[in-house]
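Summary of structural features
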Amino acid sequence: MKIHNALGAEASVDTHRACETPICVRVSRAMAMLDIGKTKLYELVGSGDLEAIRIGRRTLILQASIDALINRLRSPPTQSNSQR
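Scope of this entry: the structure provided in the associated data block. Here the structure is a predicted model, which means the values were calculated and not measured.

Conventions used here
Residues numbered from 1 in each chain as written. Predicted model: local features only at pLDDT ≥ 70, side-chain atom pairs only at ≥ 80, totals over all residues. Heavy atoms only, no water. Helix = DSSP H or I, 4+ residues; strand = E, 2+ residues; numbered from the N terminus. Buried < 20%, exposed > 50% of the residue type's maximum accessible area, 1.4 Å probe, protein only. Salt bridge = Lys/Arg side-chain N within 4 Å of Asp/Glu carboxyl O. Pairing = 2+ DSSP bridges. Axes fitted to C-alpha atoms, helices over the stretch in contact; angles between N-to-C directions. Contact = heavy atoms within 4.5 Å.

1. Some remarks on the environment of Ala64
Mapped onto the elements, Ala64 comes out in helix α3 (residues 63-74). A relative accessible area of 54% means that Ala64 is categorised as exposed. When the C-alpha atoms of Ala64 and Leu50 are compared, they prove to be 8.9 Å apart, with 14 residues separating the residues in sequence.

Printed below as a string of structure tokens:
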């Protein structure tokens with residue numbers, strides 16, 4: 001797709017980028033992805049388990065922090081020396 005920048009020069013836009021995994025998602029999308037409510041989502045943000053940013057009045061959750069949370073929850077518990 002071709003567009004014109006502020007100086008009138010033609011520039012290309014990669015329309016395939018919109019199909020890539022987003023860097024951040026809205027709170028409502030993060031709630032749906034994790035199948036949790038708003039209160040639990042904000043508890044996870046408050047505890048540092050999820051990372052959120054603000055852009056204007058909108059709160060966005062970093063996709064990388066959602067992925068990291070899922071990976072932490074999926075990993076098997078480590079055995080301590082006392083359980084041997």
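Back to the write-up after that little detour.
2. Considering the pattern of salt bridges
Scanning all chains against the criterion turns up two salt bridges. Note that Glu43 is salt-bridged to Lys40, the shortest N-O span being 3.7 Å. Of this pair, Glu43 and Lys40 are both found in helix α2 (residues 38-47), three residues apart, which corresponds to roughly one turn of the helix. Here Arg72 and Asp49 are joined by a salt bridge, their closest N and O atoms 3.7 Å apart. Here Arg72 is found in helix α3, whereas its partner Asp49 is found in the loop between α2 and β4 (52-55), with 23 residues between them in sequence.

3. Some points on the sheet that holds strand β3 (residues 24-26)
An order of β3-β5-β4 is seen for the three strands of this open sheet, with the pairing classed as antiparallel. A single partner strand is all that each edge strand has here, and the edge strands are β3 and β4. Going from strand to strand, the sheet's axes swing by 40 degrees on average, the running direction of each strand aside. Sheet contacts for α3: β3 and β5 (58-62); angle to β5, the most-contacted strand, approximately 45 degrees.

The values are spatial; any link to function lies outside them.
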